[in-house]
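The chain contents come next:
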Amino acid sequence: PGFDYRRAYPACVRGFYRRFWQRSADHRGTPEAPGRVLTLLRAEDFGEAADSEAEAVVYGMAYEVDEAQWPAVLEDLDIRERHGYIRTVAELQPLPPAGEGGAAAGAFEEGPQRAIVYYANELGQNAAYAGPETITETATIIAVTCGPSGRNDEYLF
């Protein structure tokens, strides 16, 4: 994740979609050929582009950070996520443990958890927002772009 953390565990947040609809000119592409990176979209902002078959839920890893490190981590994340994102707090939903003592076991012993998430905002005015694109359009871009952090397809895989 690019920062130190105490522990990580699988969780999900509801009310968001995740798509490769964020242009990346400084990470996985260049200004001349921006790559694509994942972005979260609030379901309420997604509108007509919403896939009626897809549930508005995003699965991933939650990272617990020591309180003393939190200001520095937040400052770094705000810089990293600066291109067209807004920060908010979302309630995490636990995932069932993967068997006895699974990865999520004990993650929510103290009740519901909350997490900082960054999502694409002002979609019509956000120059870094590339959506909606078809899967074919996005895949074609990911297959050929490269930036300071490496090839775009390495980010995908």
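Located above this text is the structure these notes cover.
The text that follows walks through the structure, step by step, so that each part is easy to find. What you are looking at is a predicted structure, and each value in this text was computed from that prediction instead of being measured.

Rules behind the numbers
- In this convention, every chain numbers its residues from 1, walking through the sequence in written order.
- Where local features are concerned, this predicted model is filtered to residues with pLDDT of at least 70; where side-chain atom pairs are given and counted, the filter is 80 or more; whole-chain, interface and lining totals use all residues.
- Neither water nor hydrogens contribute to the side-chain values; these are computed over all heavy atoms in the structure.
- Strand pairing is defined by DSSP finding a minimum of two bridges between the two strands.
- Here a strand is any run of E in DSSP of at least two residues, a helix any run of H or I of at least four, and the numbering for each starts at the N terminus.
- What counts as an axis is a line fitted to C-alpha atoms, over the stretch in contact for a helix, and the angles between N-to-C directions run from 0 to 180 degrees.
- In what follows, a contact means two residues having at least one pair of non-hydrogen atoms within 4.5 Å.
- Exposure above 30% relative accessible area and the lack of any salt bridge qualify a residue for a patch; like charges then connect within 9 Å, and the nonpolar side chains Val, Leu, Ile, Met, Phe, Trp and Tyr within 5 Å.
- Areas reported here follow the Shrake-Rupley algorithm with a probe of radius 1.4 Å; residue values treat only the protein chains shown as occluding.
- Here a salt bridge means any side-chain nitrogen of Lys or Arg lying within 4 Å of a carboxyl oxygen belonging to Asp or Glu.
- Three labels apply to residues, based on accessible area from a 1.4 Å probe with only protein chains included: buried if under 20% of the type maximum, exposed if over 50%, partly exposed otherwise in between.

**A look at the sheet that holds strand E1 (residues 7-14)**
The four strands are arranged E4-E1-E5-E6 in an open sheet whose pairing can be described as antiparallel. Every interior strand has two partners, whereas the edge strands, strand E4 (57-64) and strand E6 (113-120), have only one. Each neighbouring strand pair of the sheet contributes to a mean axis angle of 50°, computed without reference to strand direction. Here E1 runs beside E4; their pairing, made up of eight bridges, is antiparallel. Opposite Arg 7, over in E4, you have Glu 64 as the bridge partner. Helix-sheet contacts for helix H2 (residues 70-80) involve strand E5 (85-94) and E6, and the interaxial angle to E6 is about 20°.

**Considerations on a nonpolar patch on the surface**
The grouping of Tyr 5, Met 61 and Tyr 63 at the surface amounts to a nonpolar patch, some 300 Å² of accessible area in total. Position of Tyr 5 relative to the elements: it lies in the segment before E1. Overall, the relative accessible area of 39% leaves Tyr 5 in the partly exposed class.

Shape descriptors only; they carry no functional weight alone.
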